[in-house]
Amino acid sequence: MAGLTLADAAEWTGLDEATVRGLARIGVTAASEDGPFDVPDLQRVLTAAAYLDAGFTLEQLASSIANRVLSFEIADAFYQDPIEPSGRTFAEFATSIGEPMDRLRAIYGAFGLPLPEASTRTRKVEEELVEAFVTIWRVADGQDATIRA
């Protein structure tokens, strides 16, 4: 997968285009801020986004990169293939399997996955895992069994 547009990169990472563009602009990716993006760029963006989620600002990341205190190239070694997005939000996923979002968040947490917001873009592999779990436990003992499990 190579030559992704900015819109594609945003879809694959689950981030908005402005965030992807900003991270590319400060040197997180090898791509320019409008692309084209490759797999390593996506992994670097996701790694940098974790810093943003933890409270770092874009300016702090830019300064750290410029001063060679921080580099996102290490992400290339750990991640070969990005996780394919499902094309829907956490709220849409919850609706599709008939589970309340708070119950699904508890399941995500039990699996050690980040707790998604309603607008968080989901990944296919996460949806498959959580849906299989919910389906099995519904058969075993009803909807409340998913939380007990």
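Residues numbered from 1 in each chain as written. Predicted model: local features only at pLDDT ≥ 70, side-chain atom pairs only at ≥ 80, totals over all residues. Heavy atoms only, no water.

Asks: Give me the packing of helix α1 (residues 6–13) against helix α2 (residues 17–25): which residues, what numbers.
Replies: Viewed as axis vectors pointing N to C, α1 and α2 meet at an angle of 105°, and their least axial separation amounts to 9 Å. Judged by the inter-axis angle, α1 sits roughly perpendicular to α2. In contact with Leu6, Ala7, Ala9, Ala10 and Thr13 of α1, α2 contributes Glu17, Val20 and Arg21. Residues of the contact of α1 with α2, tallied by class, amount to five nonpolar, one polar and two charged. (Axes fitted to C-alpha atoms, helices over the stretch in contact; angles between N-to-C directions. Helix = DSSP H or I, 4+ residues; strand = E, 2+ residues; numbered from the N terminus. Parallel < 35°, antiparallel > 145°, perpendicular 65-115°, else oblique. Contact = heavy atoms within 4.5 Å. Nonpolar A, V, L, I, M, F, W, Y, C, P; charged D, E, K, R; others polar.)

Asks: I'd like a rundown of the pattern of salt bridges, residues and numbers included.
Replies: The tally for this structure, following the rule as stated, stands at four salt bridges. Salt-bridge contacts for Glu127 lead to Arg88; the nearest nitrogen and oxygen are separated by 2.7 Å. Highlighted residues: Glu127 in helix α8 (residues 124–141) and Arg88 in strand β1 (residues 85–89), separated in sequence by 39 residues. According to the relative accessible area criterion, Glu127 is buried, its value standing at 7%. Looking at Arg88, the relative accessible area reads 25%, which means it is partly exposed. The partner of Glu99 in a salt bridge is Arg103, with the nearest N and O atoms 3.3 Å apart. (Salt bridge = Lys/Arg side-chain N within 4 Å of Asp/Glu carboxyl O. Buried < 20%, exposed > 50% of the residue type's maximum accessible area, 1.4 Å probe, protein only.)

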